[in-house]
Amino acid sequence: LNPDRCYPLHSTKTIAYPYSTYSVILSAEAQESPITNVKMNWSKMELSWDSSKNFSQYECTIMNRDMEGTQKEVNSTLCRFPVELYMPLHEGVFLTIEVPNTNISKHCTFIPGGINGSAIENFSCVIYNVSLMNCTWQAGRDAPEDTQYFLYWQNSR
């Protein structure tokens, strides 16, 4: 299972994906949506999906828990949000894909989580001459031996 993908669940589930655990909550749909296989590439801020019907336009939205966010209109099943968009992922985000002038939509909630004790420890970064940043950390005390951590840079507002 992939933490960057929305799964057809109607309740909170814990999803393990290589060496990390994430929680994904999906809303129950009133009807079977033609929008499926929703994925989010967090490093590129790209939301993608499959559709069993060919629509000419979609609206996609990403919002934080304060309901602040960005909406885009696209003509394909790929929605690119600005990489510089400040969105604190650790608090969770809401993703919505809608087909304008229809009742067709897909709603996903991404809430990052982890196995207790797997969070990194002793995280620090040193910036050299404003052009190089070196960050170090230690794996969590209870993290499995093969745990992999990824660090993404995001410019602040």
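These remarks concern the structure in this document. (Residues numbered from 1 in each chain as written. Predicted model: local features only at pLDDT ≥ 70, side-chain atom pairs only at ≥ 80, totals over all residues. Heavy atoms only, no water.)

Here the focus is the sheet that holds strand β7 (residues 78-80). Pairing between sheet strands relies on hydrogen bonds along the backbone, with the strands arranged either parallel or antiparallel. Taken together, 3 strands build an open sheet; the order of strands is β3-β4-β7 and the sheet is antiparallel. Of all the strands in the sheet, just β3 (35-41) and β7 have a single pairing partner and so form its edges. Geometrically, the sheet is characterised by an average inter-axis angle of 15 degrees between neighbouring strands, direction not taken into account. Relative to β7, strand β4 (residues 46-51) runs antiparallel, the two being bridged by 3 bridges. If you follow Leu 47 over to β7, its bridge partner there is Cys 79. (Pairing = 2+ DSSP bridges. Helix = DSSP H or I, 4+ residues; strand = E, 2+ residues; numbered from the N terminus. Axes fitted to C-alpha atoms, helices over the stretch in contact; angles between N-to-C directions.)

Moving on, we get to the pattern of salt bridges. Where charged atoms of side chains with opposite charge meet at close range, the side chains can pair. Under the definition given, this model contains 2 salt bridges. Among the salt bridges present, the one from Glu 46 reaches Arg 80, with a minimum N-O distance of 2.9 Å. Taken together, the residues Glu 46 in strand β4 and Arg 80 in strand β7 connect sequence positions 34 residues apart. Among the ionic pairs, Glu 121 bridges to Arg 141, the shortest N-O distance being 3.1 Å. On the criterion of sequence distance, the pair formed by Glu 121 in strand β10 (residues 121-128) and Arg 141 in the segment after β11 (132-138) is long-range, its members being 20 residues apart. Residue Glu 121 is classed as partly exposed on the basis of its relative accessible area of 22%. (Salt bridge = Lys/Arg side-chain N within 4 Å of Asp/Glu carboxyl O. Buried < 20%, exposed > 50% of the residue type's maximum accessible area, 1.4 Å probe, protein only.)

Any link to function would need more than the numbers given here.
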